[in-house]
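Chain residues, written in single-letter form:
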Amino acid sequence: MLTVLIKVVGTVLVTALIAYPLYAPHSGMGILGEVTAAGPVGGFAFVAAFFGLVTLYCRALQRTLVLAGADRPASVWWMFAIPYNFTEDFFIVGKVRAALAGRVTPEFLRWWTVLGYGWCAFQILSLFPGPAGYAGGAVAIPLWAAHWIMTSRVQHTLGT
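Predicted model, so just to flag it, every value in this text is computed and none were measured.

## A few points about the packing of helix H4 (residues 85–100) against helix H5 (residues 106–125)
Part 1 of the reasoning: Contact pair H4 / H5: the axes reach a minimum separation of 9 Å and the direction vectors enclose 175 degrees. One way to sum up the angle between H4 and H5 is to call them roughly antiparallel. Contact with H4, carried on its side by Phe86, Asp89, Phe90, Val93, Gly94, Val96, Arg97 and Leu100, involves Leu109, Trp112, Thr113, Gly116, Tyr117, Trp119, Cys120, Ala121, Gln123 and Ile124 of H5 and no other residues of that element.
Part 2 of the reasoning: Grouping the constituent residues of the contact of H4 with H5 by class yields twelve nonpolar, four polar and two charged.

## Quick look at H4
Part 1 of the reasoning: Counted at 1.5 Å a residue, the expected span for H4 with its 16 residues is 22 Å, and the 22 Å between its end C-alpha atoms agrees.
Part 2 of the reasoning: Inspection of H4 places Asn85, Phe86, Thr87, Glu88, Asp89, Ile92, Val93, Gly94, Val96, Ala99 and Leu100 among the buried residues, and these make up the whole buried set.
Part 3 of the reasoning: Structurally, H4 contributes buried residues whose contacts are with helix H1 (2–23), helix H3 (39–67), H5 and helix H6 (131–158).
Part 4 of the reasoning: Of the residues one or two after H4, Gly102 is the one with positive phi, at around 85 degrees.

## Details of the pattern of salt bridges
Part 1 of the reasoning: According to the stated counting rule, one finds one salt bridge in the structure shown.
Part 2 of the reasoning: As a salt-bridge pair, Glu88 and Lys7 come within 2.9 Å of each other at their nearest N and O atoms. Pair noted here: Glu88 is in helix H4 and Lys7 is in helix H1, with a separation of 81 residues, a long-range link.
Part 3 of the reasoning: Judged by relative accessible area, which is 17%, Lys7 ranks as buried.

## Some words on the packing of aromatic side chains
Part 1 of the reasoning: This structure, assessed with the given rule, holds eleven aromatic pairs.
Part 2 of the reasoning: Ring geometry for Tyr57 and Trp119: centres 5.7 Å apart, planes at 80 degrees, overall edge-to-face. Here Tyr57 is found in helix H3, whereas its partner Trp119 is found in helix H5, with 62 residues between them in sequence. Each member of the pair, Tyr57 as well as Trp119, carries the same accessibility label: buried.
Part 3 of the reasoning: In this arrangement the basic side chain of Lys7 is found over the ring face of Phe91, its NZ or CZ atom lying 4.8 Å from the centre.

Quick notes on the rules
- Residues numbered from 1 in each chain as written.
- Predicted model: local features only at pLDDT ≥ 70, side-chain atom pairs only at ≥ 80, totals over all residues.
- Heavy atoms only, no water.
- Axes fitted to C-alpha atoms, helices over the stretch in contact; angles between N-to-C directions.
- Helix = DSSP H or I, 4+ residues; strand = E, 2+ residues; numbered from the N terminus.
- Parallel < 35°, antiparallel > 145°, perpendicular 65-115°, else oblique.
- Contact = heavy atoms within 4.5 Å.
- Nonpolar A, V, L, I, M, F, W, Y, C, P; charged D, E, K, R; others polar.
- Expected span 1.5 Å × (residues − 1).
- Buried < 20%, exposed > 50% of the residue type's maximum accessible area, 1.4 Å probe, protein only.
- Salt bridge = Lys/Arg side-chain N within 4 Å of Asp/Glu carboxyl O.
- Phe/Tyr/Trp six-rings, centres within 6.5 Å; stacked < 30°, edge-to-face > 60°.
- Lys NZ or Arg CZ within 6 Å of the ring centre and 35° of its normal.

Structure representation (structure tokens):
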């Protein structure tokens, strides 16, 4: 029950944050402004490339869960359920972490978890308009990349 409450409240708060430029336009347009600033073709290309990368990342997480013998490995695809995904991403990282416990070294798992929760948190910060959003994105992307690299490494450890 608590998990459902956290997911609902988190999704409502993220939705309010994404919509913030609509009711406070003086603060800037946030991520929506960045995408539209590239024009229709550039905005579409950016969104398509981003979702292509998310698809590859989800495949890596799903494969990791399969190799770890976890149940419901396809649950990682909730990363596409915007705006729910911003909250759900924390739970996905937690699920994979739980599946990896005892299968990798504690130090590896600790770093993998810190990077995972880190990119989740900073991606939410990236939704803020202005400098806070830019800073959040500037931190979230390298954390996400490092997490993805570690996820690929763990697949080799698990026997791909």
